[in-house]
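# Structural features, examined
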Amino acid sequence: MSESSAAFGQSKYQVRFDWGVDGAARIVPGAHIVVVVDALSFTTAVVVAAEHGVSIAPWNSLDEDGVAEFAAGLGAVIANRRGEAGPTLSPASFAVGVQPAVVVLPSPNGGALVRGLEADGAVVLAASMRNRSAVASRILSLQEERGERMVVAVIAAGERGDDANDGRLRFAIEDQLVAGAVIDALVTLGLDHTSPEAAVACAAYEGLGHAVVHLIGASGSAAQLNAMGYRGDVRIATERDITTVVPELVDGVFRA
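Keep in mind it's a predicted model, so treat the numbers as computed, not measured.

## Notes on the pairing of strand E1 (residues 15-19)
In terms of residue burial, E1 counts as a mostly covered element, since five of its five residues are buried. Of the two faces of E1, the one carrying Val15, Phe17 and Trp19 and the one carrying Arg16 and Asp18 are both buried. Across five bridges, the pairing between E1 and strand E7 (residues 152-156) is parallel. Residue pairing across strands places Asp18 opposite Ile155, the latter belonging to E7.

## Topic: the environment of Ala95
Relative to the elements of secondary structure, Ala95 occurs in the loop between strand E4 (77-78) and strand E5 (102-107). Taking C-alpha positions, Ala95 is 6.7 Å from His52, a pair spaced 43 residues apart along the chain. Setting aside residues no more than four positions away along its own chain, Ala95 makes contact with Val48 and His52.

## A short note on the pairing of E7
The element E7 is extensively covered by neighbouring structure, given that five of its five residues are classed as buried. Across the two faces of E7 the burial is the same, with Val152, Val154 and Ala156 and Ala153 and Ile155 all buried. Relative to E7, strand E2 (residues 33-37) is paired through five bridges, and the arrangement is parallel. Pairing of Val36 across the sheet is with Ile155, part of E7.

## Description of helix H10 (residues 220-228)
Among the residues of H10, those classed as buried are Ser221, Ala222 and Leu225. The buried residues of H10 occupy one face: seen down the axis, they fall within an arc of 95 degrees. Of the exposed residues in H10, the ones pointing more than 90 degrees away from its buried face are Gly220, Gln224 and Ala227. Packing partners of the buried residues in H10 comprise helix H7 (173-188), helix H9 (212-217) and helix H11 (231-237). Of the residues trailing H10, Gly229 is marked for its positive phi of about 95 degrees.

## Thoughts on the side chain of Thr44
Within the secondary structure layout, Thr44 lies in helix H3 (residues 42-51). Each residue touching Thr44, except ones within four places of it in the same chain, is listed here: Asp38, Ala39, Pro91, Ser128, Arg130, Ile236 and Ala237.

## Examining helix H8 (residues 196-208)
For H8, which comprises 13 residues, the first-to-last C-alpha distance of 18 Å matches the rise-based estimate of 18 Å (1.5 Å per residue) to within 8%. Those residues of H8 that sit buried are Ala198, Ala201, Cys202 and Tyr205. For H8, the angular spread of the buried residues around the axis is 95 degrees, confining them to a single face. For H8, the secondary structure elements touched by its buried residues are E1, helix H6 (132-146), H7 and H9.

## Brief notes about the side chain of Arg130
Within the element layout of this structure, Arg130 appears in the loop between strand E6 (123-127) and H6. Classification of Arg130 by relative accessible area gives buried; the value is 6%. Here Arg130 is in contact with Thr44, Val47, Val48, Glu51, Ile236, Glu239, Arg240, Asp241, Ile242 and Thr243, once residues within four sequence places are set aside.

## Brief notes about the nonpolar core
Residues Phe17, Ile33, Val35 and Ile139 are the most contacted members of the largest nonpolar core, which totals 43 residues. Among the elements that line this core, the one with the most residues is H7, at eight residues. Val34, Ala49, Val103 and Ala122 belong to the second-largest nonpolar core, a separate cluster that totals 31 residues.

## Observations concerning the packing of H7 against H8
At a minimum axis separation of 7 Å, H7 and H8 run at an interaxial angle of 95 degrees. Taken together, the axis directions place H7 and H8 in an arrangement best described as roughly perpendicular. Judged by residue contacts, Gln176, Leu177, Gly180, Ala181, Ile183, Asp184 and Val187 of H7 engage Ala198, Val200, Ala201, Cys202, Ala204, Tyr205, Glu206 and Leu208 from H8.

## Looking at the packing of aromatic side chains
The final tally for this structure, using the stated rule, is three aromatic pairs. Between the aromatic rings of Trp19 and Phe171, the centroid separation amounts to 5.0 Å while the plane-to-plane angle is 80 degrees, which identifies the pairing as edge-to-face. Taken together, the residues Trp19 in strand E1 and Phe171 in the loop between E7 and H7 connect sequence positions 152 residues apart. The exposure class assigned to Phe171 is exposed, which follows from its relative accessible area of 54%. Three or more aromatic residues joined by ring pairs make a cluster, and in this case those are Phe17, Trp19 and Phe171. Between Arg82 and the ring centre of Tyr230, over which it is positioned, the NZ or CZ distance is 5.1 Å. A cation over a ring is seen here: Arg115 above Phe70, with NZ or CZ 4.7 Å from the ring centre.

Rules of the game
- Residues numbered from 1 in each chain as written.
- Predicted model: local features only at pLDDT ≥ 70, side-chain atom pairs only at ≥ 80, totals over all residues.
- Heavy atoms only, no water.
- Buried < 20%, exposed > 50% of the residue type's maximum accessible area, 1.4 Å probe, protein only.
- Helix = DSSP H or I, 4+ residues; strand = E, 2+ residues; numbered from the N terminus.
- Pairing = 2+ DSSP bridges.
- Contact = heavy atoms within 4.5 Å.
- Arc of directions from axis to C-beta.
- Expected span 1.5 Å × (residues − 1).
- Core = buried A, V, L, I, M, F, W, Y, C linked by side-chain atoms within 4.5 Å.
- Axes fitted to C-alpha atoms, helices over the stretch in contact; angles between N-to-C directions.
- Parallel < 35°, antiparallel > 145°, perpendicular 65-115°, else oblique.
- Phe/Tyr/Trp six-rings, centres within 6.5 Å; stacked < 30°, edge-to-face > 60°.
- Lys NZ or Arg CZ within 6 Å of the ring centre and 35° of its normal.

Rendered as structure tokens:
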């Protein structure tokens, strides 16, 4: 690791926080657990799917090559585009009708992040506002089971969009707040040796917790979804601590 990478790796801390694929490359090395947050909509869709018994295989939507073979190897259905019938990136689509057992879910943000994750044997969990306390409890249980301090890397996906914004990452407040909510839940359980970056995300959630639903609902990402007719997805993504389901990545598939 270069001197520059080491400086931003937050390696002295038990709970770390950064953004996107580049941030993951900085803080995942040495971590036992990686928590991925893409609040609108990927990880919320993963959690809602798990609530309804559906496993999700993430895929980078900017990479169309190989997705059909990937799905075939899993015996999975590839999610449709938003607005089409069946499962899509819309979390609400996993709460209606008869669902496939496994769905390949392409996403330019959370899906791309997970597919590009170099986790080195780390446990990878999907987090949303719906299960943020359950995620923290799962991490504490893993620490107790292993009898050692578990290092946790929390990664906010941010937004690139379908054209990847020419490679530029937009820091999405919904991911900041949900990542902070997960870190807050960890701190509440005693995992409080946080990096400055993680502490700031946590403080944002603590200070604004009473307004989180409004703030996420008023964000640019939510405004875009509302304009597309997906106001229900925003509501689903802002429901706090309503499930104990914690999807974990196993052999490339998020399973409850």
